[in-house]
Amino acid sequence: MTHPRIWLRKQAPGVVALALMVGTFYAVRLPVSSAADKSAMASHFTFKAESIAMPAGYKQQTIRKVNKAYEHIDAWISSVGAGIAMNDIDGDSLPNDLCVTDPRIDQVVVTPAPSPNRTSPAYEPFVLDPAPLPTSKTMAPMGCTPGDFNEDGVTDLLVTYWGRTPVIFQGKRGAGQDLTKMSPDGFTPVELVPGAGGTTYNGPLWNSNTAAFADFDGDGHNDILIGNYFPDSPVLDPSKDGGVTMNDSLSHAQNGGGSHIFRWTENGYSEVKGAIPSGISHGWTLAASANDLDGDQLPELYLGHDFGTSALLYNVSRPGKIRFAEVKSAYSSTIPKSKQMGRSSFKGMGIDFGDLDNDGLYDAFVSNITTSFGIQESNFAFLDSARDQKDVRAKLRDGVAPFTDHSAPLNLAWSGWGWDVKTGDFDNNGDLEIAQATGFVKGKTNRWPQLQELATANDALVRHPMWWPNLREGDDLAGDQALHLFSKSPDGSYANLAPALGLAVPVPTRGVATGDVDGDGRLDMAVARQWGEPVFYSNTSKNPGDYLGLKLVDANGSPVVGAQATVTRSDGSVRVGRVDGGGGHSGRRSSDIHIGLGDQPDGPLRVNLVWRDRSGQVHHQDLQLNPGWHCLQLGVTAKEK
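Nothing here was measured: the structure is a model prediction, and the numbers come from that model. (Residues numbered from 1 in each chain as written. Predicted model: local features only at pLDDT ≥ 70, side-chain atom pairs only at ≥ 80, totals over all residues. Heavy atoms only, no water.)

1. Considerations on the overall build of the chain
Per the secondary structure count, the chain includes 7 helices and 39 strands. The C-alpha atoms of the chain give a radius of gyration of 24 Å, which matches the 26 Å a tight globule of 641 residues would have. Seen through its C-alpha atoms, the chain measures out along the principal axes to roughly 100 × 65 × 50 Å. Here the chain displays about 25,000 Å² of accessible surface, and carbon together with sulfur accounts for 52% of that area. (Helix = DSSP H or I, 4+ residues; strand = E, 2+ residues; numbered from the N terminus. Rg over C-alpha atoms; globule rule 2.2 N^0.38 Å. Areas by Shrake-Rupley, 256 points an atom, 1.4 Å probe, with all protein chains shown as cover.)

2. Overview of the state of the cysteines
Counted under the stated rule, the structure contains 1 disulfide. Across the disulfide, C99 is cross-linked to C144 (sulfur-sulfur distance 2.2 Å). Taking the torsion about the sulfur-sulfur bond, which here is approximately 100 degrees, the covalent link between C99 and C144 counts as right-handed. Of the two residues, C99 is situated in strand β3 (residues 97-102) and C144 in strand β6 (residues 140-147); the sequence distance between them amounts to 45 residues. Residue C99 shares its accessibility class with C144, and that shared class is buried. (Disulfide = S-S within 2.5 Å. Buried < 20%, exposed > 50% of the residue type's maximum accessible area, 1.4 Å probe, protein only.)

3. As for the pairing of strand β36 (residues 605-612)
Of all 8 residues in β36, 6 are buried, a share of seventy percent or more. In this structure, strand β32 (residues 564-568) lies alongside β36, joined through 5 bridges in antiparallel fashion. Looking at the pairing, V567 lines up with V607 of β36. Across 8 bridges, the pairing between β36 and strand β37 (residues 618-625) is antiparallel. Residue W611 lies in a different strand from β37, and its bridge partner there is H619. (Pairing = 2+ DSSP bridges.)

4. With respect to the pattern of salt bridges
All chains considered together, the criterion is met by 26 salt bridges. As a salt-bridge pair, R164 and E191 come within 2.7 Å of each other at their nearest N and O atoms. In this pair, R164 sits in the loop between β7 (156-162) and β8 (167-171) while E191 sits in strand β9 (residues 187-191), placing the two residues 27 residues apart along the sequence. Residue classification places R164 among the buried residues on the basis of a relative accessible area of 0%. Judged by relative accessible area, which is 15%, E191 ranks as buried. (Salt bridge = Lys/Arg side-chain N within 4 Å of Asp/Glu carboxyl O.)

5. Description of the UniProt feature "domain: ASPIC/UnbV" (unreviewed entry) in the chain
On the UniProt side, "domain: ASPIC/UnbV" (unreviewed entry) is annotated at positions that read residues 561-619 here. Here residues 561-619 runs as 0% helix and 47% strand, with 14 Å between its end C-alpha atoms. (UniProt positions renumbered as here; feature names shortened; annotations may be inferred.)

6. Some remarks on a nonpolar patch on the surface
A cluster of nonpolar side chains, contributed by L461, M466 and W467, occupies part of the molecular surface with about 350 Å² of accessible area. The residue M466 is located in the loop between α6 (459-462) and β25 (475-476) in this model. (Patch = residues over 30% accessible without salt bridge, like charges linked within 9 Å, V, L, I, M, F, W, Y side chains within 5 Å.)

7. Quick look at the sheet that holds strand β39 (residues 638-640)
On the basis of which strands lie adjacent, the open sheet formed by 4 strands has the order β35-β31-β38-β39 and mixed pairing. A strand with exactly one partner marks an edge of an open sheet, and here the two such strands are β35 (593-598) and β39. Ignoring strand direction, the axes of neighbouring strands in this sheet form an average angle of 30 degrees. Here strand β31 (residues 546-553) pairs with β35 via 5 bridges, running antiparallel. Among the inter-strand pairings, D546 is bridged to a residue of β35, identified as G598. (Axes fitted to C-alpha atoms, helices over the stretch in contact; angles between N-to-C directions.)

8. Details of the packing of aromatic side chains
Throughout the structure, instances matching the rule amount to 21 aromatic pairs. On the numbers, 5.6 Å between centres and 10 degrees between planes, the contact of F346 with F380 is stacked. One end of the pair, F346, is in the loop between β17 (324-327) and β18 (350-354); the other, F380, is in strand β20 (residues 380-384), with 34 residues separating them in the sequence. In terms of burial, F346 and F380 fall into one category: buried. With centroids separated by 4.0 Å and ring planes inclined at 0 degrees, the aromatic side chains of W417 and F440 adopt a geometry described as stacked. Of the two residues, W417 sits in the loop between β21 (403-405) and β22 (418-424) while F440 sits in the loop between β23 (433-438) and β24 (445-446), which places them 23 residues apart along the sequence. Assigned by exposure class, W417 and F440 land together as buried. A cation over a ring is seen here: K551 above W629, with NZ or CZ 4.8 Å from the ring centre. (Phe/Tyr/Trp six-rings, centres within 6.5 Å; stacked < 30°, edge-to-face > 60°. Lys NZ or Arg CZ within 6 Å of the ring centre and 35° of its normal.)

9. Considerations on the sheet that holds strand β5 (residues 126-128)
As summarised here, the arrangement of the 5 strands in space is β5-β4-β3-β2-β34, forming an open sheet in which the pairing is mixed. Strand pairing shows two members of the sheet lacking a second neighbour, β5 and β34 (587-588), which therefore form its edges. For strand β4 (residues 107-112) and β5, the ladder comprises 3 bridges, and the chain directions are antiparallel. Across the sheet, the residue bridging to V109 is V127, located in β5.

10. Notes on the environment of P544
Its location among the elements puts P544 in the loop between β30 (535-539) and β31. The sequence separation of P544 and G521 amounts to 23 residues, and the corresponding C-alpha distance is 8.8 Å. Aside from chain neighbours lying at most four places away, what touches P544 is D427, N428 and R522. (Contact = heavy atoms within 4.5 Å.)

11. Section: the side chain of N428
Note that N428 resides in the loop between β22 and β23. Using a relative accessible area of 1% as the deciding quantity, one classes N428 as buried. Contact partners of N428, with chain neighbours within four places excluded, come to G521, P544, G545, D546, Y547, H594, G596, L597 and G598.

12. Some details on the environment of D357
Following the sequence through the fold, D357 ends up in the loop between β18 and β19 (363-367). Sequence separation of D357 and D431 is 74 residues, and the distance between their C-alpha atoms is 8.1 Å.

13. Points about the side chain of Q340
Summarising the element assignment, Q340 is placed in the loop between β17 and β18. Residue classification places Q340 among the buried positions, given a relative accessible area of 3%. Within polar-contact distance, the side chain of Q340 engages the backbone oxygen of I335 at 2.8 Å. (Polar contact = N/O pair within 3.5 Å; in protein donor to acceptor, adjacent residues only side chain to side chain.)

14. Looking at helix α5 (residues 448-455)
Along α5, the residues that are buried comprise W448, L451 and L454. For α5, the buried positions fall inside an angular range of 115 degrees around the axis, keeping them on one side. On the buried face of α5, the contacting elements are α3 (74-77), β24 and α6. (Arc of directions from axis to C-beta.)

15. Remarks on the pairing of strand β13 (residues 268-272)
Here strand β12 (residues 258-265) runs beside β13; their pairing, made up of 5 bridges, is antiparallel. Following the sheet pairing, R263 is matched in β13 by S270. Count of turn residues in the β12/β13 antiparallel hairpin: 2 residues.

The following block contains the structure:
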């Protein structure tokens, strides 16, 4: 019989190893909110799910017809296209209109958002038809971006497609003055890319998945970025067998459709060549967002590329000359390469900028594929580590992106197969929430094992569609994943409150749009679902905090895209917001600025505004504004309307 002392001595290495493992686990484990914590946090929010009116009489489909080379993966090819935008389209000064792209009917729909403050009667939902521009049976709308593209003070709608170049539906002046007359006749379709003629479309076969609208060169006029996924090819043409491809790499593919930038001119938009560095100019683009990060009123650009190569681009443009330079996180041997901005091989599916840590500098949240036992990558919560905007500018000029991923300690790293993302303060407590769409293909047959085999395949094979595993109608990949709503916990980490708030419906979601549709100071939300009905979530939260709402417009009444607001609260802390021209995957927030303040004492707030006027001049102005909504006209100075 072995003496206990001898036995213990033999087991000592194992005991020490076990102790180290247990100690390490407790030292590095991620923060997890308790059920009680989540319940208390959820009590600050209430959302009412409401149906979105859609036009009747259109035949519905459940999957798309595709190129014969893609037939065995037609569910994969049919996994995008649900998009939603929220803005003021009818001219009543409230962002209570929606533009929906619905793959079930492959149409672009303009429809009123559910709103108790809408002028009665509301208009009937209607479809935007690009005719008399040339069309085809092999095109499908993918997204809608509202904006004043011809600078006449009326909201237009930029629609992107697979199977053709984008179309701008120009709103006619006066069309929205009487809500009962909102109809397709109030819009004129105009080509973004001229050249296609006849009745049947025969132009470039773009396959576009995102767009961004901002003044890239600082001349005072907004430009357009279009992000394409597949290279120009007959993806949705079932009469073709071939002439298509898949990504040439699972980690840094550069054979995609890439990005196209169009500069505003008096004679229309003109494409700019060479504005994006060649090493990332042909990625498989799924998302894009533009925002001024360093305070020079020239917006930086983040491109979210599937199969790696996502990038932050520093704006080095000048009037008449658009140009971006790629910047990357400083190399670190202690941080995995895929957690460094600009070096990641992950799947960039969605992007939004917001100040997550309330230091007055913009951070970035990036969606990726993060499914346990599937493809376990990581979302990114890139926090700006610079001291101030001057330090941001210095680092960007040196080619360094001053961002560090904090997604794991913030409990934001893993959620599911991520898509669009929008930050916003839904309870007005001064901290941003994060709404994220997740889910891929809903069915009954689990295809994760086959996808995992693909994920380990040789890059020499994956560009050929024939080597991809079957994914047909009825197959399932992350089909039960639902919308997430992350809210900041008292300890600074985040918790997903969607299940507690009734938002976690197990249907794949794609686009998220936000805005205050009824002017009550509470952000509402609309969500596009892939092969499901879109849904509107009216924010009915009780006792929200104070807020500042800003409608920043020019002399024509058009939103001053890119204008920045910095609000100093009573405790001396700051909150920032911007006029977003539209960015992300397939969701677009309204062009109003909404900033939650928490509990504010009576009295005005210090507000600093920075904007660029139509002549290209940058202006700064300090104002004293009371909480609530304000409409300011920005010219040489800011004047309340």
